[in-house]
Amino acid sequence: AHSFLPMGNIIGSGIFVSPKGVLENASCVGVAIIVWVTTGIITAIGALCYAELGVTIPKSGGDYSYVKDIFGGLAGFLRLWIAVLVIYPTNQAVIALTFSNYILQPLFPACLPPENGLRLLAAVCLLLLTWVNCYSVRWATCVQDVFTAGKLLALGLIIIMGIVQICKGTHAFETFRDYDVGLIALSFLQGSFAYGGWNFLNYVTEELVDPYRNLPRAIFISIPVVTFVYVFANVAYVTAMSPQELLASNAVAVTFGEKLLGVMSWIMPISVALSTFGGVNGSLFTSSRLFFAGAREGHLPRLLAMIHVQRCTPIPALLFTLISTLLMLCTSDIYTLINYVGFINYLFYGVTVAGQIVLRIKEPDMYRPIKVSLIWPVIYLLFWAFLLVFSLYSEPVVCGIGLAIMMTGVPVYFLGVYWENKPQCCNITIGKMTHLCQKLCSVVYPVMEENLEPIGPQKNDEDGEEGKSLQTADQTRA
């Protein structure tokens, strides 16, 4: 089952959004298909490097844990800072906007849906799913299972119809045209968005059964299958519509359905909307794991790792993610958001893979159940350097904003984490605010199994007796 986990996690809303972004920057269908295949290969190489790190440093928390252990607290904190402020909110905003695009596109057949309508519907989707995740963990997982089916139905239909079209001899491949290297780099960022989620298993390494066998197996099975599905879906798109039609649509699969499915074209927007709905839910579901890992290390306020006394749902983390995602909806241009999040994500993938080489040099004798040849991280880093340099060159403002937000984490780290002997008044204020939020949300810090004392920075007396009594109640219940 673990072999198929990443597949379900990678194939999300990306394949219904990215084809337009990839084709727009790649300038022609031939280059776009090459971008999809290359991105799949690079993703597989990155996943292999992550597999070695995953079993060498067997901690949940993914690249945050590796960067923190190899490069120290500041680098780990910046990874967490950017994930909390940029990566999760932007990802969720993109998926929610895709959901509203696919719901509204059929209602506006002759033009693009209105911007404010898209944002409002995306916000409603986010509010509803945050409520579901706050209310019950079981409900959240049920939503996930049901909506995964929608995703597979949509993709299956697209690929089958594409194969039928090819057999008929219909296609819109054109010869290679002039292209711009800077724009090719952006098309790789757009494609990478669709492959996002390939490092999901590294976030739950501690929970994997026999990770030494299952982690590589999951990579070798899932990434080739995903690459195959993506390339075929893109070939299917261009068999049904010209590149110009593909670029004119913000909901590619809807246009595809209208062209080929006739009366049944309503199936497409509904199944993609289900898929993206599940995508927002999955993202909300996993972000709380990272918050917990950060709060456990003392890098985030303890409040963000707290869970509801009875429902055991991470309410403060979910509300924080919701607010930051709603702020991202200020822009409804999906493709700018993808460039923005893709650049920052790649920056840290490269740092993590470089960490693998650093660890080999610093600790050559360390026990490594999985050991990959050093040529793979080197190939990955060469591609990484090309991507970052040319993305900055093509989109200096978008990528610059991402870097600026990341650098704001440096003073926050030194003031919040590094400076331990804060004045008493600071500690009292933080304690009182935490206590107030605990009361408002009825949340407590979860107790670790080995040890009844909560792990992480200890509470001050000012946190109030109620926080302790809530914890005691929680312990008794456990």
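Going along each chain's sequence as written, the residues are numbered from 1 onward. Under the rules for a predicted model, residues below a pLDDT of 70 receive no local features and side-chain atom pairs below 80 are neither given nor counted, while totals for whole chains, interfaces and linings still include all residues. Processing note: side-chain calculations cover all non-hydrogen atoms of the structure and skip hydrogens and water entirely.

Per an unreviewed UniProt entry, the protein chain goes by Solute carrier family 7 member 8b and derives from Dicentrarchus labrax.

1. Section: the overall build of the protein chain
Think of it this way: any DSSP run of H or I at least four residues long counts as a helix, any run of E at least two long counts as a strand, and we number them from the N terminus. Each helix and strand counted, the protein chain has 19 helices and two strands in total. Accessibility here uses a 1.4 Å probe with only protein chains present; expressed as a share of the type maximum, an area under 20% marks a residue as buried, one over 50% as exposed, and anything in between as partly exposed. A buried classification covers 57% of the 478 residues belonging to the protein chain. Across the protein chain, contacts joining residues at least 24 apart in sequence account for 82% of those joining residues at least 6 apart. Working definition of accessibility: Shrake-Rupley area with a 1.4 Å probe, residue cover restricted to the visible protein chains. By element, 68% of the accessible surface of the protein chain is carried by carbon and sulfur atoms, the whole surface being about 20,300 Å². It only takes one pair of heavy atoms within 4.5 Å for two residues to be counted as in contact.

2. Section: the side chain of Ser324
With respect to the secondary-structure elements, Ser324 resides in helix α13 (residues 315-328). Here Ser324 falls in the buried class, since its relative accessible area comes to 10%. What qualifies as a polar contact is a pair of N or O atoms within 3.5 Å, subject to a donor-acceptor requirement within protein and to the restriction that residues adjacent in sequence count only when both atoms come from side chains. Side-chain polar atoms of Ser324 contact the backbone oxygen of Phe320, separated by 3.0 Å. Look past the residues within four positions of Ser324 in its chain and what remains in contact with it is Val84 and Pro89.

3. A look at the packing of aromatic side chains
Aromatic ring pairs are defined here through the distance separating the ring centres and the angle between the ring planes. Each Phe, Tyr or Trp ring, with Trp reduced to its six-membered ring, pairs with another whose centre is within 6.5 Å; inter-plane angles below 30 degrees give stacked pairs, above 60 give edge-to-face pairs, and intermediate values give tilted ones. For the structure on display, the rule yields 20 aromatic pairs. Aromatic side chains Phe188 and Phe386 sit 6.3 Å apart centroid to centroid with 85 degrees between the ring planes, which places their arrangement in the edge-to-face category. Taken together, the residues Phe188 in helix α8 (residues 181-194) and Phe386 in helix α15 (residues 375-394) connect sequence positions 198 residues apart. According to the relative accessible area criterion, Phe188 is buried, its value standing at 7%. When its relative accessible area of 25% is taken as the criterion, Phe386 is described as partly exposed.

4. Some points on the nonpolar core
Side-chain atoms within 4.5 Å link the members of a nonpolar core, which is a set of buried Ala, Val, Leu, Ile, Met, Phe, Trp, Tyr and Cys residues. Counting 138 residues, the largest nonpolar core has Phe16, Ile158, Tyr230, Tyr237 and Tyr346 as the members making the most contacts within it. Counting residues per element, this core draws most heavily on helix α5 (residues 73-104), at 16 residues. In contact with Tyr237, not counting residues within four places along its chain, are Ile15, Phe16, Pro19, Ile158, Leu246, Val252, Ala253 and Phe256.

5. What about a nonpolar patch on the surface?
A contiguous nonpolar surface patch, about 510 Å² in accessible area, is contributed by Val263, Met264, Trp266, Ile270 and Leu274. Among the structural elements, Ile270 can be located in helix α12 (residues 267-296). Judged by its relative accessible area of 46%, Ile270 is partly exposed. Patch membership requires more than 30% relative accessible area and the absence of a salt bridge. Residues of like charge join within 9 Å; the nonpolar side chains Val, Leu, Ile, Met, Phe, Trp and Tyr join within 5 Å. Each salt bridge in this description consists of a side-chain nitrogen of Lys or Arg and a carboxyl oxygen of Asp or Glu lying within 4 Å of one another.

6. Quick notes on α5
In a helix, the anticipated span is given by 1.5 Å times the number of residues less one. An ideal rise of 1.5 Å per residue puts 46 Å on 32 residues; α5 measures up with 45 Å between its terminal C-alpha atoms. Its axis deflected by about 45 degrees at Ala83, α5 carries its strongest bend there. Counting buried positions along α5 gives 28 out of 32 residues, so the element sits mostly inside the fold. Note on bend: the value at a residue is the angle between axes fitted to the seven residues ending there and to the seven starting there.

7. Points about the packing of α5 against helix α17 (residues 409-418)
Viewed as axis vectors pointing N to C, α5 and α17 meet at an angle of 115 degrees, and their least axial separation amounts to 10 Å. For α5 against α17, the interelement crossing comes out right-handed. Here Gly73, Leu74, Phe77, Leu78 and Trp81 of α5 lie close against α17, whose contacting residues are Gly409, Val410, Val412, Tyr413, Phe414 and Val417. In terms of residue class, the contact of α5 with α17 is built from nine nonpolar, two polar and no charged. Geometry is summarised by axes, namely lines fitted to C-alpha atoms with helices restricted to the contacting stretch, and by angles between N-to-C directions that run from 0 to 180 degrees. Crossings are classed by handedness, with left-handed meaning an anticlockwise turn of the near helix from the far one by less than a right angle and right-handed meaning a clockwise turn. Polar here means any residue other than Ala, Val, Leu, Ile, Met, Phe, Trp, Tyr, Cys and Pro, which are nonpolar, and Asp, Glu, Lys and Arg, which are charged; Gly is therefore polar.

8. Things to note about the pattern of salt bridges
By the definition in use, this model includes six salt bridges. Glu52 is the partner of Arg360 in a salt bridge, and the nearest nitrogen-oxygen pair spans 2.6 Å. Of this pair, Arg360 sits in helix α14 (residues 334-362) while Glu52 sits in helix α3 (residues 29-56), and the two are 308 residues apart along the sequence. What makes Glu52 buried here is its relative accessible area of 2%. Between Arg79 and Asp63 there is a salt bridge whose closest N-O contact spans 3.2 Å. Highlighted residues: Arg79 in helix α5 and Asp63 in helix α4 (residues 63-71), separated in sequence by 16 residues. The same class applies to Arg79 as to Asp63, namely buried.

9. Brief notes about the environment of Ile184
Tracing the backbone through its elements, the reader meets Ile184 in helix α8. Measuring from C-alpha to C-alpha, the distance between Ile184 and Val31 comes to 8.5 Å, with 153 residues separating the pair along the chain.

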